[in-house]
Amino acid sequence: MVKINQSLSQRRFIGQSFKNKNLTGEDFSYADIRGMNFSGAILKGANFSYAQAGQQPQWIIGLVVGLLIAIALVGLITGFIGLGIGSVIFYKGDLENLLFGIPTFLIFTVLFGLILWRGLGVVLISSVMTVMLIATLVMIGGNARVAVLALFLTFLMAVAIVNSVVGAIALVCVWIIARKSAIPLSSITVLISAFTIIKFFLRASTQTVPHYFQIIFYTVIFCATIIIIFLNIYISWRVLCGDSRYFFIRELALIIASLGGTSFRGADLTDANFNQAILKNTDFRKATLIRVYWFQAKQLDRTRIKGTYLEIPQIRALLVLNNGKDKSFDYLNLRSLNLRGAELEN
């Protein structure tokens, strides 16, 4: 390992690598360490106060552009799903399609509502099993065509849920990389792309629907599209609120949003100082964080901290704000924390 002796304060190290180096006690205060690789480095007592970590500008631009393209594709797929649901149910005004398709659509609308209430996992499994059971019963009854309709609608609804999850991941990524104001822009992108594709293919779809069903046909397409987009935005909102039911979405979003960011993975940061440092899109996984000073560190909630004490919101807030007054920390391990200057009354 190499020991660096010169002062590193206020310098620009964008994109450089100090992987596995011995940087004990080095001063990186006010330095620009965006995109740097400190993986496996020894950084005991290092000073990162007021440093700026995160991603290089070209990474931010590339990721945001890529995510906006992904969001636009989510909107296009949403539009196709809405058209598909309406077209199948109202195809040539077939009575069997209507009698089975409309109740199935309403059942799935209720199930989407249950997703908002109970989360994705249990509701997704139960919804697929419900429709598979219905399709099986219909097939046993001798109507294979309606069974195929049930399976096709199930497929469309499953794609709608997956599409909503992908859209939510993309929206959360944009928030992590950019800022909250980017979410309305992303949501508008979904709406515009969804209704653009509907407008483009609507005339062809309308030709297969009798004129006396067209108003209901348009209503079903509109409702299906809005429900899917709302599910997308709702899941994103719950992720940003820290809802544990969508924890895996946040983890996936952090993986994508942290690409090219500063990495302290596996580094020894014992007694390091991150006072007032900007730490967005930084990787602290498997790092040794004994007695690290985090007072007023910024955007720790946008970092990869899984497996560290920082993933516990109460501990993170205590370390950043230095205020534990009247707070409960029952059953939490505070042994390796740096609580210098913290208020811990009551």
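Residues numbered from 1 in each chain as written. Predicted model: local features only at pLDDT ≥ 70, side-chain atom pairs only at ≥ 80, totals over all residues. Heavy atoms only, no water.

Trainee: Just give me the short version of unusual backbone geometry, but keep the residues and values in it.
Mentor: You will see that Tyr30, though not glycine, has its phi angle at about 65 degrees, which is positive. Here the phi dihedral of Lys286 falls at roughly 60 degrees; this positive angle occurs in a residue that is not glycine. Its place among the elements puts Lys286 in the loop between α7 (247-257) and α8 (313-321). (Helix = DSSP H or I, 4+ residues; strand = E, 2+ residues; numbered from the N terminus.)

Trainee: If you had to explain the packing of aromatic side chains to someone new, which residues and values would you point to?
Mentor: Counted under the stated rule, the structure contains 19 aromatic pairs. Measuring from ring centre to ring centre gives 5.6 Å for Phe38 and Phe48, while their planes differ by 85 degrees; the resulting arrangement is edge-to-face. A residue pair is termed long-range when its members are at least 10 positions apart, and Phe38 in the segment before α1 (57-89) and Phe48 in the segment before α1 qualify at ten residues. The residues Phe38 and Phe48 share a single accessibility class, namely buried. (Phe/Tyr/Trp six-rings, centres within 6.5 Å; stacked < 30°, edge-to-face > 60°. Buried < 20%, exposed > 50% of the residue type's maximum accessible area, 1.4 Å probe, protein only.)

Trainee: Hey, could you go over the pattern of salt bridges for me, with residue numbers and the actual values?
Mentor: Applying the stated criterion across every chain, the model contains six salt bridges. Note that Arg291 and Asp271 form a salt bridge whose closest N and O atoms lie 2.8 Å from each other. On the criterion of sequence distance, the pair formed by Arg291 in the loop between α7 and α8 and Asp271 in the loop between α7 and α8 is long-range, its members being 20 residues apart. Judged by relative accessible area, Asp271 falls into the partly exposed class, the value being 38%. Where salt bridges share partners, they join Arg12, Asp32 and Arg34 into one cluster. (Salt bridge = Lys/Arg side-chain N within 4 Å of Asp/Glu carboxyl O.)

Trainee: Break down the confidence of the model for the chain for me, citing the residues and quoting the values.
Mentor: Across the chain, pLDDT averages 82, with 85% of residues at or above 70. Confidence, read as mean pLDDT per element, is least for helix α3 (residues 120-140) in the chain (58) and greatest for α8 (90). Overall, residues 1-5 carries pLDDT values under 50, and its contacts beyond four positions in sequence, including any with other chains, amount to 14 contacts. (pLDDT = per-residue confidence, 0-100. Contact = heavy atoms within 4.5 Å.)

Trainee: Give a description of the environment of Gly35 that names residues and reports values.
Mentor: Within the secondary structure, Gly35 sits in the segment before α1. Distance from Gly35 to Gln16, taken between C-alpha atoms, is 7.1 Å for residues 19 residues apart in sequence. Non-local contacts of Gly35, meaning those with residues more than four positions away in its chain, are made with Gly15, Gln16, Gly54, Gln55, Gln56, Gly260, Gly261 and Thr262.

Trainee: How would you sum up the packing of α1 against helix α6 (residues 214-240)? Please name residues and give values.
Mentor: The N-to-C vectors of α1 and α6 enclose an angle of 145 degrees; their axes lie 8 Å apart at closest approach. Regarding α1 and α6, the two cross each other, and that crossing is right-handed. Of the residues in α6, those in contact with Val74, Thr78, Ile81, Gly82, Leu83, Ile85, Gly86 and Ser87 of α1 are Phe217, Val220, Ile221, Ala224, Thr225, Ile228, Ile229 and Asn232. A breakdown of the residues in the contact of α1 with α6 according to their chemical character gives ten nonpolar, six polar and no charged. (Axes fitted to C-alpha atoms, helices over the stretch in contact; angles between N-to-C directions. Left-handed = near helix turned anticlockwise from the far one by under 90°. Nonpolar A, V, L, I, M, F, W, Y, C, P; charged D, E, K, R; others polar.)

Trainee: Give a detailed account of the environment of Ala160, specifying residues and quantitative values.
Mentor: Structurally, Ala160 can be placed in helix α4 (residues 144-177). Given a relative accessible area of 0%, Ala160 falls into the buried group. When sequence neighbours within four positions are dropped, the list of residues in contact with Ala160 reads Ile81, Phe112 and Ile228.

Trainee: Talk me through the environment of Leu153; I want residue IDs and the actual numbers.
Mentor: Position of Leu153 among the secondary structure elements: in helix α4. Judged by relative accessible area, Leu153 falls into the buried class, the value being 1%. Along the chain, Leu153 and Ile85 lie 68 residues apart, while their C-alpha atoms are 6.9 Å from each other.

Trainee: Lay out the nonpolar core with the relevant residues and their values.
Mentor: As a rule of thumb, soluble globular proteins bury nonpolar side chains together. Of all hydrophobic cores here, the largest spans 53 residues; its most connected members are Ile85, Phe90 and Phe112. Looking at this core, the elements with two or more residues in it are α1, α2 (95-118), α4, α5 (182-206), α6 and α7. When residues of this core are assigned to their parent elements, the largest contribution, 17 residues, is made by α4. (Core = buried A, V, L, I, M, F, W, Y, C linked by side-chain atoms within 4.5 Å.)

Trainee: Summarise the side chain of Ser193; cite the residues concerned and give the values.
Mentor: If you trace the backbone, Ser193 turns up in helix α5. Among the residues examined, Ser193 registers a relative accessible area of 10% and is labelled buried. Of note is the side chain of Ser193, whose polar atom sits 3.2 Å from the backbone oxygen of Ala72. Discounting residues that sit within four places of it in the chain, Ser193 has contacts with Ile71, Ala72, Gly75 and Leu76. (Polar contact = N/O pair within 3.5 Å; in protein donor to acceptor, adjacent residues only side chain to side chain.)

Trainee: Quick one: what's the story with a nonpolar patch on the surface, residue by residue and with numbers?
Mentor: A cluster of nonpolar side chains, namely Trp59, Phe248, Leu252, Ile255, Ile256 and Leu259, defines an oily patch on the protein surface of about 500 Å² accessible area. Per-element accounting of the nonpolar patch gives the leading share, four residues, to α7. Mapped onto the fold, Trp59 is located in helix α1. You can call Trp59 partly exposed: its relative accessible area is 37%. (Patch = residues over 30% accessible without salt bridge, like charges linked within 9 Å, V, L, I, M, F, W, Y side chains within 5 Å. Areas by Shrake-Rupley, 256 points an atom, 1.4 Å probe, with all protein chains shown as cover.)

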